[in-house]
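Now for the letters of each chain:
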Amino acid sequence: MARQSVFLVTPIGSSDSPERKNSDRLLEWVIEPVCNELDLKVERADKLSSPGRITNQIAEKVVNSELVIADLTGLNPNVMYEVGVRHGKHMSIVQLATHGTKLPFDILDIRTVFYKLDLDNVNNAKSELAKLAKEALEGKSIPFSTGIDKTSNVDIEQENSVNSVLNIMADTLSIIQRDVREGRQENRQYVELLYKHILEIQDTKNTEVGLGFLSQIVGQGIQNPSGLREFAQVMQEFGNQEESQSQLEE
């Protein structure tokens, strides 16, 4: 039976850099002994032997390894990105950092092993790492595993409906602006249709979709300012008509 894989995400640096020396010591003194004890196969980016692009190999390891151990020392951007990918997929990860590291707010409440690489503290770091690694592999400490990735069928249906409406609106906007440029009178029927869909978007109270639609209007308007102005005037006129009709009905 193949051993479970562990990928070490860590700042590596050049061969003689302080980052490399720290990473080498952490790997040799703490991580490898723990992984050997747990019968885990550990790899680090600079020790990958497979041919091909190293970035692709790292991405594959970050996503597919049974466990990722991340050294957050120095808050290296590449490390933080790879940690974010792992968190986003709600997969097992154990965080380490040198003693005194100030973690960002987003991961402040995730259990982290703060280590010192000296004789008095290495054994303590190994013990903590072994405990967290076991829990992670057993699925007991998956970051952000509750709530964030659970979407109800109602939410999914609403999102699909909103996306469908937005697509219709985008198509309608394209037709309106074409007709405004060409001076066609029938553009009013498209304005009416678009206005209807805007009201549907408002009913969903989906701000993100609304902003997406506005950005499309702005983008089209930059290309055709005069058309957009005429479109806005017709839109306002139709809105006023709708408001007057609503008041009469009341």
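Look up a bit, the structure's there.
Conventions we followed
- Residue positions are given per chain, counted from 1 along the sequence in the order it is written.
- The predicted nature of this model means local features are confined to residues of pLDDT at least 70 and side-chain atom pairs, given and counted, to a pLDDT of 80 or more, with totals for whole chains, interfaces and linings taken over all residues.
- Only hydrogens and water are set aside; all other atoms, that is, all heavy atoms of the structure, feed into the side-chain values.
- Cavity and pocket criteria rest on a 1 Å grid covering protein atoms alone: a 1.4 Å probe that fits but cannot get out defines a cavity, protein on both sides within 12 Å along at least 5 of 7 lines defines an open pocket, and an atom within 4 Å of a point defines a lining residue.
- Grid points are joined across faces, edges and corners, and a volume is the space filled by probe spheres set on the points.
- Put simply, DSSP marks the helices as runs of H or I at least four residues long and the strands as runs of E at least two long, and each gets a number from the N terminus on.
- Note on residue categories: nonpolar means Ala, Val, Leu, Ile, Met, Phe, Trp, Tyr, Cys or Pro, charged means Asp, Glu, Lys or Arg, and polar means any other residue, Gly included.
- Two strands form a pair only when DSSP identifies at least two bridges running between them.
- Whenever a helix is involved, its axis is fitted only over the stretch in contact; in every case the axis is a line through C-alpha atoms, and angles between N-to-C directions fall within 0 to 180 degrees.
- By definition, residues are in contact when any of their heavy atoms lie within 4.5 Å.
- A helix's residues, less one, multiplied by 1.5 Å, set its expected span.
- Two axes define the bend at a residue: one fitted to the seven residues ending there, one fitted to the seven starting there, and the bend is the angle between them.
- Classification of residues uses two cut-offs on accessible area relative to the type maximum, computed with a 1.4 Å probe and protein chains only: under 20% is buried, over 50% is exposed, and between them is partly exposed.
- What counts as a salt bridge is simple: a side-chain nitrogen of Lys or Arg found within 4 Å of a carboxyl oxygen of Asp or Glu.
- Each polar contact in these results corresponds to two N or O atoms within 3.5 Å; when the atoms are within protein, one needs to be able to donate a hydrogen and the other to accept it, and residues that are neighboring in sequence are counted only if both atoms are side-chain atoms.
- Definition used in this section: a nonpolar core is a set of buried Ala, Val, Leu, Ile, Met, Phe, Trp, Tyr and Cys residues joined via side-chain atoms within 4.5 Å.

Quick word on the layout of surface pockets
Here comes step 1: Estimates place the volume of the second largest pocket at around 150 Å³.
Here comes step 2: Lining the second largest pocket are Phe 7, Leu 8, Val 9, Thr 10, Pro 11, Ile 12, Ala 45, Ile 58, Asn 76, Asn 78, Val 79 and Glu 82.
Here comes step 3: Breaking the lining of the second largest pocket down by element, the ones donating at least two residues are β1 (4-9) and α3 (77-88).
Here comes step 4: Across the lining of the second largest pocket, the residue classes tally to eight nonpolar, three polar and one charged.

Some remarks on the sheet that holds strand β5 (residues 112-115)
By definition, the strands of a sheet pair up through backbone hydrogen bonds, in either a parallel or an antiparallel sense.
Here comes step 1: The five strands lie next to each other as β2-β1-β3-β4-β5, forming an open sheet whose pairing is parallel. Every interior strand has two partners, whereas the edge strands, β2 (40-44) and β5, have only one. The average undirected angle you get between the axes of adjacent strands in this sheet is 25 degrees.
Here comes step 2: Running at roughly 155 degrees to strand β4 (residues 93-98), α3 makes contact with β1, β3 (67-71) and β4 of the sheet.
Here comes step 3: Set on the sheet, helix α4 (residues 122-137) makes contact with β1, β2, β3, β4 and β5; between it and β4 the angle comes to about 160 degrees.

Notes on helix α1 (residues 18-37)
Here comes step 1: Compared with the 28 Å implied by 1.5 Å per residue over 20 residues, the 28 Å span of α1 between its first and last C-alpha is a close match.
Here comes step 2: Bending of α1 peaks at approximately 40 degrees at the position of Leu 27.
Here comes step 3: Within the sequence span of α1, burial applies to Arg 20, Asn 22, Ser 23, Leu 26, Leu 27, Val 30, Ile 31, Val 34 and Cys 35.
Here comes step 4: Looking at the buried residues of α1, the elements they touch are β1, β2, β3, β4, β5 and α4.
Here comes step 5: Asp 39 lies just past α1 and shows a positive phi near 60 degrees.

Some details on the pattern of salt bridges
Here comes step 1: Summed over the entire model, instances satisfying the criterion amount to five salt bridges.
Here comes step 2: Each of Asp 24, Arg 44 and Asp 46 takes part in one network of salt bridges that share partners.

Digging into the environment of Arg 44
Here comes step 1: One can find Arg 44 in strand β2.
Here comes step 2: We classify Arg 44 as buried; its relative accessible area is 1%.
Here comes step 3: Non-local contacts of Arg 44, meaning those with residues more than four positions away in its chain, are made with Phe 7, Leu 8, Thr 10, Ile 12, Arg 20, Ser 23, Asp 24 and Leu 27.
Here comes step 4: Here Asp 24 takes part through its side chain, which lies 2.8 Å from a polar atom of the side chain of Arg 44.
Here comes step 5: Of the polar contacts made by the side chain of Arg 44, one reaches the side chain of Asp 46; its length is 2.7 Å.

Points about the side chain of Ser 5
Here comes step 1: By the secondary structure assignment, Ser 5 is in strand β1.
Here comes step 2: Leave out the neighbours within four places in its chain, and Ser 5 touches Lys 41, Asn 64, Ser 65, Glu 66 and Leu 67.

Details of the nonpolar core
Here comes step 1: Within the largest apolar cluster, 22 residues are counted, with the highest numbers of intra-cluster contacts made by Ile 31, Leu 67, Ile 69, Val 94, Leu 96 and Leu 129.
Here comes step 2: Counting only elements with at least two residues in this core, the list comes to β1, α1, β3, β4, β5 and α4.
Here comes step 3: It is α4 that provides the largest number of residues to this core, a total of seven residues.
Here comes step 4: Apart from residues lying up to four places away in sequence, Leu 96 is in contact with Leu 26, Ile 31, Ile 69, Ala 70, Asp 71, Leu 72, Thr 73, Thr 112, Val 113, Tyr 115 and Leu 129.

In short, geometric facts, not functional conclusions.
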